[in-house]
Amino acid sequence: MTESVDATAGNAPVATSGTPGEVKAGYDERLTNEDLAPLRKQSWKSYNFFAFWMSDVHSVGGYVTAGSLFALGLAAWQVLVALLIGITIVYSLCNLVAKPSQATGTPYPVISRVSFGVLGANIPAIIRGLIAVAWYGIQTYLASHSLVIVALKLWPGLAPYAEVGRYGFAGLSLLGWICFLAMWVLQAAVFWRGMEAIRRFIDFCGPAVYVVMFLLAGYLVIEAGWSNIDLNLSEVDLSGWQSVGVMLTAIALIVSYFSGPMLNYGDFARYGRTFTDVKKGNFLGLPLNFVVFALLVVITAAATLPVFGRLITDPVETVAELDSTFAVVLGALTFMIATIGINIVANFVSPAFDFSNVNPQKISWRMGGMIAAVGSVLITPWNLYSSPEVIHYTLDTLGAFIGPLYGVLIADHYLIKKGRVVVDDLYTLEADGTYHYRKGYNPVAIVATAVGAVVAMAVVLFGSTTAAAFSWFIGAALAFVLHWVISRSRTGSTPEPAADPA
């Protein structure tokens, strides 16, 4: 006999995210707390989603990743086209993920119970949570790099402590460690205040970094002179089908970069007032916003060559080259704040829900986030984003595991369940529950995910660099097809919910 939560007795843990859901009588305590329950009120408007993507796109990680595409041998216009095509794909895929969570008011790990089972959903939750730990560490490191720049500009005497060889540990300098830990504490403080504080923070971050990037781009263009800016930044001259293949690789890398927040976008879409608000915010924040972002990346990078004598694709390094101490401090701090904003949202919130889903009564939303924060230090993230080659390998590896989870979720919701969700059955362990499957696990979804991940990872490890860039697509497509085909062929593996269209 399963234990259930008495909603009137107040036994369910209080929502540490600050936005409580409705815990109904009969919800099993092993599947429920106020953070995981369906939201009582959905209040995010289209601007909130727009600001979310502004912070995500304009983070230091976004610029560094986009800048790394030049290392593939692409001309500036080719990088621009790859960025735009890639982000249009991300926009479409995000809308697919957003719909079921917005309709039910539930986060990603809960909506995953539909396809994986009420207990099996812990598998995608843990995988996504661990990936978020890696991304959280990477983005924290990139934000801390901005703080290092500011510290050295204000106090040049600290330069020896920024050298790994003289004062370093585990691949990071003493000054780097101090700045990394400072960013770590600052992010935790914002996260601790809950989702509404996080929403207000990113509402500010997105526009702020826009202003600084426009000022930086304008300054560089004026200094260089438009006639001196050559948009062909590649040392390799690619033409014909060869350039098409490399552009496809660049598009794949863009999708891989956004694959993390794309998979668990339901964690945020659940707060949307309507699905129309979500779609409008996504359109403004992705295709439209990304056009401006892509132009800024290309023009700013191209202008660094005549102004500084070398190509610089990291905006923080570009800012560090400026003569004005005020400009350096302002620019670096802005990028730091923007990166903190998206890091909290995309890589703190996700594991907060994911790890809480494993044991809702003992792991609160706050505790889930702090587990991710501690893990992010242990993986030494500065070693995962140290060069364009390492960046691409990191993206390929993460994409290999995220892709299959996405494929299963989409195939199950749109093709198998036809968009129907029985919300109350997401919180019951009763054998007659719609999502009980086999003792709480759906073996079809698990097998499809495992096969997709193994094949995609084999491509990363043993395939060519070009093939590895498509790890997300390979894993997603394979898991999608396997889950759909096997589910349709197995009796009892595709239950037909009776109500609650999502």
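Per an unreviewed UniProt entry, the protein chain carries the name Nitrate reductase and comes from Pseudonocardia halophobica. Regarding the protein chain, the relevant UniProt record gives this comment under Subcellular location (unreviewed entry): "Membrane". In UniProt, the protein chain has this text filed under Sequence similarities (unreviewed entry): "Belongs to the purine-cytosine permease (2.A.39) family."

**Student:** Which parts of the structure should I look at to understand unusual backbone geometry?
**Tutor:** Leave glycine aside and you will find that most residues have negative phi; peptide bonds, for their part, are mostly trans. One non-glycine residue, Lys418, lies in positive phi territory at about 55 degrees. With respect to the helices and strands, the residue Lys418 is situated in the loop between α17 (388-416) and α18 (443-462).

**Student:** What's the story with helix α12 (residues 275-308) in this structure? I'm lost.
**Tutor:** Think of an α-helix as 3.6 residues a turn; residues three or four steps apart then line up on the same face. Given a rise of 1.5 Å per residue, 34 residues ought to cover 50 Å, and the 46 Å separating the end C-alpha atoms of α12 matches this to within 8%. Remark: the principal bend of α12, roughly 40 degrees, maps to Phe290. Among the residues trailing α12, Gly309 stands out with phi positive, at a value near 85 degrees.

**Student:** When you look at the nonpolar core in this model, what are you seeing that I'm missing?
**Tutor:** Most often, soluble globular proteins have nonpolar side chains that are buried together. Among the nonpolar cores identified, the biggest contains 133 residues, and Ile198, Phe258 and Tyr265 are the most heavily contacted of them. Not counting the four nearest positions on each side in its chain, Phe258 is found in contact with Trp53, Asp56, Val57, Ile87, Val90 and Phe290. Core analysis: the second largest hydrophobic core is formed by five residues, Ala400, Met457, Val460 and Ala468 among them.

**Student:** Explain the packing of helix α7 (residues 174-192) against helix α14 (residues 325-347) to me, please; I cannot follow it from the model alone.
**Tutor:** Here α7 crosses α14 at 55 degrees, and the two axes come no closer than 10 Å. Viewed along their axes, α7 and α14 adopt a mutual orientation that is oblique. By crossing handedness, the relation of α7 to α14 is classed as right-handed. Along the contact surface, α7 presents Met183, Leu186, Gln187, Val190 and Phe191, while α14 presents Met336, Ile340, Asn343 and Ile344. Partitioned by chemical class, the residues of the contact of α7 with α14 number seven nonpolar, two polar and no charged.

Procedures and definitions
Residues numbered from 1 in each chain as written. Predicted model: local features only at pLDDT ≥ 70, side-chain atom pairs only at ≥ 80, totals over all residues. Heavy atoms only, no water. UniProt positions renumbered as here; feature names shortened; annotations may be inferred. Helix = DSSP H or I, 4+ residues; strand = E, 2+ residues; numbered from the N terminus. Expected span 1.5 Å × (residues − 1). Bend = angle between axes of the 7 residues up to and from the residue. Core = buried A, V, L, I, M, F, W, Y, C linked by side-chain atoms within 4.5 Å. Buried < 20%, exposed > 50% of the residue type's maximum accessible area, 1.4 Å probe, protein only. Contact = heavy atoms within 4.5 Å. Axes fitted to C-alpha atoms, helices over the stretch in contact; angles between N-to-C directions. Parallel < 35°, antiparallel > 145°, perpendicular 65-115°, else oblique. Left-handed = near helix turned anticlockwise from the far one by under 90°. Nonpolar A, V, L, I, M, F, W, Y, C, P; charged D, E, K, R; others polar.

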